[in-house]
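Examination of the molecular architecture
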Amino acid sequence: MTASASLPTRLLPSASLGNGVSDRLRKKASRHVKERIIESLLFSAAAFSVFVTVAIVYVLVKESWVFFQVVPLSDFLFDTQWTPLFDDAHYGIMVLLSGTLTSSGVALLVAIPLGTIIAIYLSEFAGFKVREIAKPFLELLGGVPTIVYGYFALTFLTPILQKIYPDLPGFNLLSAGLVMGIMIIPYVASLSEDAMRAVPMALREGSYAMGATRLQTALWVVTPAATSGIASAYILGISRAVGETMILAVAAGMQPNLTFNPTEPGATITSYIVQVALGDLPHGSIGYQTIFAAGLTLLLMTLAFNLLGYWLRKRFREVY
Amino acid sequence: MQIPTGYEAGVEGAVLKADVRELDFYYGAFHALKRVSMPIHDHMVTSLIGPSGCGKSTLLRCFNRMHDLYPGNRYAGGGIVLYPDNTNLLDPGVDPIEVRMRISMVFQKPNPFPKSIYENVAYSLRVRGMRNKNELDDRVESALKGAALWNEVSNRLKELGANLSGGQQQRLCIARALASDPEIILFDEPTSALDPIATASIEELIIELKEKVTILIVTHNMQQAARISDFTAYMYLGEMVEFGVTDQLFIKPQKKATEDYITGRFG
Ligand SMILES: Nc1ncnc2c1ncn2[C@@H]1O[C@H](COP(=O)(O)OP(=O)(O)O)[C@@H](O)[C@H]1O
Ligand SMILES: [Mg+2]
């Protein structure tokens, strides 16, 4: 440093001390560089996921735009037939939507009550041992590939249901929905249980000290205190149901059918998309473009549920 | 469980409400209460003092069988006799819920439920199966009045209990405990999380409450014990060192260990 040469000598640190200080400074600076590298890696990972999301949305919107140049939005929303592959083509998304809503409805009727009951049991009633055994099983249930569930619905559950209800067709939304519900139980149960276990012991003690029973404490204090977490669990369950593909493709028949009757066969948005994507429709044909419009619809639905979940979490934020 | 009979530390003129007799308690293998004996007098404030970790909360939580909630806890000998029934609260045949219906509790940190002010107070009535709206309204109002909170909250009973200030929350917890008309209320350091003004109002309230109910309070604050209690018990390392009328215990303790503690030479 040339500037230091003009400084009075008494202000200059002794040579050895000076080296020590600058060594330490250098070490610090190198640590800083390392941190900067790690930081930028983390940033790029985050940026990448944002980029992918934006890219997906861009593709969906762009391709859907092409679709809506040909098919008016009002037809898409209000037509009651979905026959894109016929000569007399109709593009009423509500046909697919009805399949999605019906199968999801059946699934949620199974998953939400059972998932919640399992969560309450595991969190508030089960002993340590039971919980340690039950949780891995539950997680295993969530890890089974959905194609297995699909065949389970088609080859096991449907025949059983046909014994009770002989008119039930071999492909139907009911069987697919029920099995989808079983598939979703672990998600609902596990997240709800986490939310309940996060409720502070002090609240439970307050309840017991007032003379409450275990069940009263679980239902009147713990569950309301965990509302936002439980709501998130439900929203995740709904998203899983709406987005599920294989079970429906295998067991529900893939016939577009405007119905809310679960005992009929039906196609959902997702099962329609796989059908077309795997089929031999030429890329760029209007029939092929339908899957982007359907995909965009699915994305908007999921987005709506996520926003609902976000709102619920804010609205019922736990204040302990 | 065998209970020793004839404990004679009672004070003349005062009526016994409960009697701890040679009580032993274990957390797993840890011997937390060692042959503890003490009387609790009806419509009086009794305070438990002693250094942190000496077993005050442990003793308090025996009274409402709070220890039953956790595995490994064990009442190992002696008992707590409740009068006038003359039954041992800790008897395995006694339902802890019955005990908690009669002996309520206020905790160290205010712990209102995530419910409205009204529902917080009504809780102890609802768990008893009370459904009649008018009766609930009346009981909630009188409990809130009893806890000196009614004037502050009467026009916002539907708001969340958690929206109140710390001192108000603690009075809400007192109202919750009062609503069911318990015979004894246990307080575990109820002011340790509060500022001095809120503390003063809770202390005042506790003194008023003894008209209605018997009070057992744990405090680590000797001045507080001196200000509000009629009787004081000094505990050390899980043992009952000395029990006496508050004024006498503070002015003329019988045991050297008590004197060392209250004069600040220890603890
Ligand atoms: N749940 C527990 N398990 C094991 N030991 C405990 C438990 N709770 C308290 N203890 C021990 O018991 C003793 C008395 O505790 P406590 O009654 O909380 O003391 P105090 O209220 O007088 O401060 C302490 O040594 C404490 O560490
Ligand atoms: Mg304590």
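Cut-off values and rules
- Residues numbered from 1 in each chain as written.
- Chains lettered and ligands numbered in written order.
- Predicted model: local features only at pLDDT ≥ 70, side-chain atom pairs only at ≥ 80, totals over all residues.
- Heavy atoms only, no water.
- Near = heavy atom within 4 Å.
- Polar contact = N/O pair within 3.5 Å; in protein donor to acceptor, adjacent residues only side chain to side chain.
- Areas by Shrake-Rupley, 256 points an atom, 1.4 Å probe, with all protein chains shown as cover.
- Helix = DSSP H or I, 4+ residues; strand = E, 2+ residues; numbered from the N terminus.
- Expected span 1.5 Å × (residues − 1).
- Buried < 20%, exposed > 50% of the residue type's maximum accessible area, 1.4 Å probe, protein only.
- Contact = heavy atoms within 4.5 Å.
- Phe/Tyr/Trp six-rings, centres within 6.5 Å; stacked < 30°, edge-to-face > 60°.
- Lys NZ or Arg CZ within 6 Å of the ring centre and 35° of its normal.
- Core = buried A, V, L, I, M, F, W, Y, C linked by side-chain atoms within 4.5 Å.
- Buried area = accessible area lost by both parts, 1.4 Å probe.
- Salt bridge = Lys/Arg side-chain N within 4 Å of Asp/Glu carboxyl O.
- Pairing = 2+ DSSP bridges.
- Axes fitted to C-alpha atoms, helices over the stretch in contact; angles between N-to-C directions.
- Parallel < 35°, antiparallel > 145°, perpendicular 65-115°, else oblique.
- Left-handed = near helix turned anticlockwise from the far one by under 90°.
- pLDDT = per-residue confidence, 0-100.
- Disulfide = S-S within 2.5 Å.
- Domains from an automatic or database assignment.
- Nonpolar A, V, L, I, M, F, W, Y, C, P; charged D, E, K, R; others polar.
- Patch = residues over 30% accessible without salt bridge, like charges linked within 9 Å, V, L, I, M, F, W, Y side chains within 5 Å.

1. Section: the site of ligand 1
All names here are of chain B. Ligand 1 sits among Tyr-27, Phe-30, Ser-52, Gly-53, Cys-54, Gly-55, Lys-56, Ser-57 and Thr-58. One of the backbone nitrogen or oxygen atoms of Gly-53 is found 2.7 Å away from an oxygen atom of ligand 1. Contact between ligand 1 and Lys-56: an oxygen atom at 2.9 Å from a main-chain N or O atom of the residue. Within the complex, the protein chains bury 58% of what would otherwise be the 560 Å² of accessible surface of ligand 1.

2. Structural notes on helix 9 (residues 227-243) of chain A
All names here are of chain A. Under the 1.5 Å per step criterion, the end-to-end length of helix 9 is 24 Å for 17 residues, consistent within 8% with the ideal 24 Å. Counting buried positions over the 17 residues of helix 9 gives twelve, a clear majority of the element. Residues of helix 9 that are buried: Ser-228, Gly-229, Ile-230, Ala-231, Ser-232, Ala-233, Ile-235, Gly-237, Ile-238, Ser-239, Ala-241 and Val-242. On its buried side, helix 9 packs onto helix 3 (93-125), helix 6 (173-197), helix 8 (214-225), helix 11 (269-278) and helix 12 (286-315).

3. Things to note about the packing of aromatic side chains
As enumerated under the stated definition, the model contains 14 aromatic pairs over all chains in all. On the numbers, 5.1 Å between centres and 90° between planes, the contact of Phe68(A) with Phe76(A) is edge-to-face. For the pair Tyr234(B) and Tyr261(B), a centre-to-centre distance of 4.7 Å together with 20° between the ring planes defines the contact as stacked. Note that Tyr234(B) is positioned in strand 9 (residues 231-236) and Tyr261(B) in helix 10 (residues 256-262), a separation of 27 residues in sequence. Classification of Tyr234(B) as buried rests on a relative accessible area of 1%. Residue Tyr261(B) is classed as buried on the basis of its relative accessible area of 5%. When the ring centre of Tyr26(B) is taken as reference, the NZ or CZ atom of Arg74(B) above it lies at 4.6 Å.

4. Some points on the nonpolar core
Leu59(B), Phe63(B) and Leu144(B) are the most contacted members of the largest nonpolar core, which totals 90 residues. Residues contacting Phe63(B), with those up to four places away along its chain left out, are Ala18(B), Val20(B), Ile40(B), Ile80(B), Leu89(B), Val99(B), Ile103(B), Leu186(B) and Leu216(B). One finds Trp82(A), Val95(A), Val242(A) and Ile269(A) within the second-largest nonpolar core, a separate group that totals 24 residues.

5. Description of the interface of chain A and chain B
A common way to express how large an interface is: the accessible area buried when the components associate. Each side of the interface is counted separately: chain A has 19 residues, and chain B has 26 residues. Summed over both sides, the interface of chain A with chain B buries roughly 1,800 Å², with 65% coming from carbon and sulfur. Three residues, Glu205(A), Met210(A) and Trp220(A), lead the burial of chain A against chain B; their summed loss comes to 38% of the area buried on that side. Viewed at the interface, chain B and chain A are joined by one salt bridge. Arg61(B) serves as the salt-bridge partner of Glu205(A), at 2.8 Å between the closest nitrogen and oxygen.

6. Concerning the sheet that holds strand 5 (residues 87-88) of chain B
Residues and elements named next belong to chain B. As summarised here, the arrangement of the four strands in space is 2-1-4-5, forming an open sheet in which the pairing is antiparallel. Taken across any chain shown, the strands that pair with only one partner, and hence form the sheet edges, are strand 2 (30-41) and strand 5. Examined bridge by bridge, strand 1 (residues 16-27) and strand 4 (residues 73-82) share eight bridges and lie antiparallel to one another. Paired with Ala-18 across the strands is Leu-82, a residue of strand 4. Most of the contacts of helix 1 (residues 56-63) go to strand 1, to which it runs at about 120°, and overall it touches strand 1, strand 2 and strand 4.

7. Observations concerning the pairing of strand 9 of chain B
It is a general feature of regular strands that their side chains alternate between the two faces of the sheet. Residue and element names in this part refer to chain B. Of all the six residues making up strand 9, five are buried; the element is thus mostly covered by neighbouring parts of the structure. Relative to strand 9, strand 3 (residues 45-49) runs parallel, the two sharing four bridges. Within the sheet, the bridge partner assigned to Ser-47 lies in strand 9 and is Thr-232. Of the strand pairs in this sheet, strand 9 and strand 10 (residues 239-245) are connected by six bridges, and their pairing is antiparallel. By the bridge assignment, Phe-231 is partnered in strand 10 with Val-245. The hairpin formed by strand 9 and strand 10 contains two residues between the paired strands, and Leu-237 there has a positive phi angle of roughly 50°.

8. What about the packing of helix 3 of chain A against helix 8 of chain A?
All names here are of chain A. Two numbers describe how helix 3 lies on helix 8: the axes approach to 11 Å, and their chain directions differ by 110°. When the interaxial angle is binned, helix 3 and helix 8 end up roughly perpendicular. Where helix 3 crosses over helix 8, the two elements pack in a sense that is right-handed. Between helix 3 and helix 8, the contacting residues are Ile-120, Glu-124 and Phe-125 on the first element and Arg-214, Leu-215, Ala-218, Leu-219, Val-222 and Thr-223 on the second.

9. Comments concerning the confidence of the model for chain A
Low pLDDT marks stretches whose predicted atomic positions should not be read closely. Residues and elements named next belong to chain A. Summarising the model, chain A shows a mean pLDDT of 87, and 90% of its residues fall at 70 or more. Per-residue pLDDT, averaged within each element of chain A, yields its smallest value for helix 1 (residues 15-70) (83) and its largest for helix 7 (residues 201-209) (96). Low confidence marks residues 1-18, where pLDDT is under 50. Its contacts with residues over four positions away, or in another chain, come to two contacts.

10. Describing the state of the cysteines
All names here are of chain B. Applying the stated criterion across every chain, the model contains zero disulfides over all chains. Cysteine Cys-62 shares no disulfide, and the gap to the nearest cysteine sulfur, in Cys-54, comes to 13 Å. Using a relative accessible area of 0% as the deciding quantity, one classes Cys-62 as buried.

11. Things to note about the sheet that holds strand 8 (residues 214-218) of chain B
Residue and element names in this part refer to chain B. Strand order in this open sheet of six strands is 6-7-8-3-9-10, and the pairing throughout is mixed. The outermost strands of the open sheet, each flanked by one partner alone, are strand 6 (103-106) and strand 10. Between one strand and the next, the sheet's axes are offset by a mean angle of 20°, whatever the strand orientation. With four bridges joining them, strand 6 and strand 7 (residues 184-188) adopt parallel strand pairing. Directly across from Met-105, in strand 7, lies its bridge partner Leu-186. Relative to the sheet, helix 7 (residues 196-209) contacts strand 3, strand 7 and strand 8, its axis offset from that of strand 8 by approximately 145°.

12. A look at the domain arrangement of chain A
Residues and elements named next belong to chain A. What the domain assignment lists for chain A is domain 1 (25-70) and domain 2 (93-315). Taking only C-alpha atoms into account, the centre of domain 1 sits 31 Å from that of domain 2. Among the residues domain 1 hides against domain 2, the three largest losses belong to Leu-60, Glu-63 and Phe-67. Together they make up 60% of the total. Counting across the domain 1 and domain 2 interface gives zero salt bridges. At the boundary of domain 1 with domain 2, the tally comes to two residue pairs in polar contact (both at pLDDT 80 or more). Considered class by class, the residues forming the side of domain 1 that touches domain 2 number eight nonpolar, one polar and one charged.

13. Let's talk about a nonpolar patch on the surface
All names here are of chain A. A contiguous nonpolar surface patch, about 610 Å² in accessible area, is contributed by Leu-141, Phe-152, Phe-156, Ile-160, Ile-164, Tyr-165 and Ile-182. On the secondary structure map, Leu-141 appears in helix 4 (residues 128-143). Overall, Leu-141 belongs to the partly exposed group, its relative accessible area being 31%.

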